[in-house]
Structure formats: structure tokens, C-alpha cells
Amino acid sequence: MIARTFVPADLEACLAIRPARIGQERIGYERALSAWKILIKYAGFRSLVIEATEPILGHRVVGFGAAVFVSSDFARDETLHPRPGLNERIIFSIHSGRPVVLTDAQLRRENTDGGLSLAVLLSDWRRDILSPEHIAGIKLALAQSGVGVLSGYRLEKMLLEALDPIDVAHLESTGVCRIVRDFAGLHPGKPEGAGALFAIDKTSADSVMGSVATFVFHYTPPIIRFKKGDQQLLCAALEGLTDHELAPHLDLKMQTVKKRWASVYAQVAEALPDLLPECGNDVNRQTRGPQKRHHLLAYLRNHSEELRPFNR
């Protein structure tokens, strides 16, 4: 099993893992799918895919984790008035044109001066075709890779809805999820009646020593505070793209890419003068550039807050 970055072409295969979670109750599958296609374009949509190295019963995508940053008002209402259908309300808000999902500007503002609320839409796997060993591996991959996807944000609260007793038992087993409301008996005879709403905050995350949630809720403000365009350049570079690949990927001219790198290095030199290596006159430009990039990218891999939305 490998964890990898989600791409739009994965969407239908990912949603097919747990159809009950896609939020189609009021608007049907096609409209819900259209809403998801809008949702995945939001800056606050965070996701990852678990893929089998070899297809299992014809399926290569076997696990999917997805979450989105929502408004504090929406999160507060969900906590004060918990009821089944968290995903349905989020997806319906997109469909109706009144999204509760944060825009890029709102995300930057809240991540700079406020605190963020996250709704987990999906964290699931193909239960019908996977062995217990496969499932254990997927749970571990989702948890570990989720740290990289979510770390670096000023996270205040996380909401998760369990749809059935298996979900409830899994979330309770983490030790960090506190139950907001148990929906058992709320709607007798309906599957959602056996679920529950859970929440995680920094206090509950820190209550279990060494939990992955501890790292997600740990926040350090960025020091360099890169501009949005610089963050896009650096994120692509972290994926291994060369300058010749970065130019078309970012829709920039090669000369613009070089100027942006120069701007990035200047910002780093001002904020963290000891980060980049000193290069004497005997070191030519071809050597100096890769050295700087190597040191900078190594720093960014351990300081994800530098690549998160932030108002300068």
C-alpha cells in the first residue's frame, strides 16, 4: 500500500469506497458529485489516496482520506446542535451556492490571526475486499500521512461523524476523539441512528502521548512568510520538479522561475541568515544553486507552516 497525493481523476473511485459518505441524501448522486468537483478546488480541501501496488479484485484505489476547513460559525452550530448528516450539510451548502467551506482569503485570515475548524469528510477503505492486515496498513497510512497533509495549520477543532458501530469503535479506539453526541436511537431502524458525532481539540489530542493528533494540533507560526506564488513554487519543487518542469507546471516563463527563486532566497537570507550555505568565490553558480535548494527544501519538509496559507 502506498499513500499518494489526490488528483481530480481519482474522485469517483475515491467516493465509491463509501457511498454513504458523499452527502447525496437531499440532492442525489449526480448533483453531489458536481458539488464534490467544486469542493476539491478549494484551497482548504485536504486529501490523500491509499493505492494498492497491485489491484485487489480490480480496485487499485483502496483508501481515501478527505477533510475541509469550514467556517467557525458552521463548526459551532454543529457542536451545539449535533445531528446526523454532517457531510450532507457541507455538500448541500456547495450545491446551493452558500458554501460553509472557507475561501482562500478566509483560510489565510483564520490561519494567520484566528483558529481553524476542520470537518473530516472521509477516512475510509474498501472494507468488503480487504484483509485485516490490509486494513491495519491503511489505517496506519491514513494516520501517518494525515500528519503531513494537516500539519502546519492553526487548527482549533476537528469534527468527525461516525456512521455505524464500526466507525464509532474505531474513533473511540484512538483515545483522542471525544464524543459530542451519540445518535443511537435517534432514528430507529435507520443506519445513521447507530452513529455519533466526535470532536478533537488540542486538549484531547495531547491527552494521548505520542498520538498523531498531537502533531496535527501543534502549531508554530511561519518565520519566512512566503508569498502565495513563492509557496506554489516551493510546493512543486518539493514534489521533485526541476526548473524546466516548474515553468509549464506553474504557467510561467523560465526567466520568471529563476527570478522567483532569487526572490525566495533573498527572503530566506533575511529571515534565516544561517539557513543557506555560505558559498565562496571558488564555488560556481551551477553548484551554489543546487546547494541552496537542497538546504531550503530540507528545512521546509520539517516546517510545513511555511507553506500554509498566511497573510503577510
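This one's a predicted model, so the numbers in the text were calculated from it and none came from an experiment.

Q: Would you mind showing me how to read the sheet that holds strand β1 (residues 2-4) here?
A: Strand pairing in a sheet takes place through backbone hydrogen bonds and is either antiparallel or parallel in direction. A sheet is described by the order of its strands in space; here seven strands give the open sequence β1-β2-β3-β4-β5-β7-β6, paired in mixed fashion. Each having just a single partner strand, β1 and β6 (178-182) make up the two edges of the open sheet. On average, each strand axis in the sheet is inclined to that of its neighbour by 25 degrees, with strand direction left out of account. In this structure, strand β5 (residues 155-162) lies alongside strand β7 (residues 196-200), joined through five bridges in antiparallel fashion. Residue Ala162 lies in a different strand from β7, and its bridge partner there is Ala196. Those strands touched by helix α2 (residues 28-39) are β2 (45-56), β3 (59-70) and β4 (116-125), and its axis lies near 125 degrees from that of β4.

Q: It is not clear to me how the layout of surface pockets should be interpreted in this structure. Could you clarify?
A: Gaps left between atoms show up when a probe the size of a water molecule is rolled over them. One number sums up the size of the largest pocket: a volume of about 1,800 Å³. Thr5, Arg46, Cys235, Glu239 and Arg308 are, among the 47 residues lining the largest pocket, the residues nearest its centre. Of all elements in the fold, only β1, β2, α5 (104-113), α6 (132-150), α10 (228-238) and α13 (285-301) reach the threshold of two or more residues within the lining of the largest pocket. Per element, the largest residue contribution to the lining of the largest pocket is six residues, and it comes from α10. Partitioned by chemical class, the residues of the lining of the largest pocket number 23 nonpolar, 14 polar and 10 charged. In this structure, the second largest pocket occupies an estimated 880 Å³ of space. Forming the walls of the second largest pocket are 37 residues, and the residues nearest its centre are Ser123, Leu142, Ala143, Leu160 and His170. Contributions of two or more residues to the lining of the second largest pocket are made by β2, β3, β4, α6, β5, α7 (165-174) and α9 (212-216). Examining the composition of the lining of the second largest pocket, we find that seven residues originate from one element, α6, more than from any other. Partitioned by chemical class, the residues of the lining of the second largest pocket number 22 nonpolar, seven polar and eight charged.

The rules behind these values
- Residues numbered from 1 in each chain as written.
- Predicted model: local features only at pLDDT ≥ 70, side-chain atom pairs only at ≥ 80, totals over all residues.
- Heavy atoms only, no water.
- Pairing = 2+ DSSP bridges.
- Helix = DSSP H or I, 4+ residues; strand = E, 2+ residues; numbered from the N terminus.
- Axes fitted to C-alpha atoms, helices over the stretch in contact; angles between N-to-C directions.
- Contact = heavy atoms within 4.5 Å.
- 1 Å grid on protein atoms, 1.4 Å probe; cavity = no way out; pocket = protein on both sides within 12 Å on 5 of 7 lines; lining within 4 Å.
- Points joined across faces, edges and corners; volume = space filled by probe spheres on them.
- Nonpolar A, V, L, I, M, F, W, Y, C, P; charged D, E, K, R; others polar.

In short, the description is geometric, and any link to function would need to be established separately.
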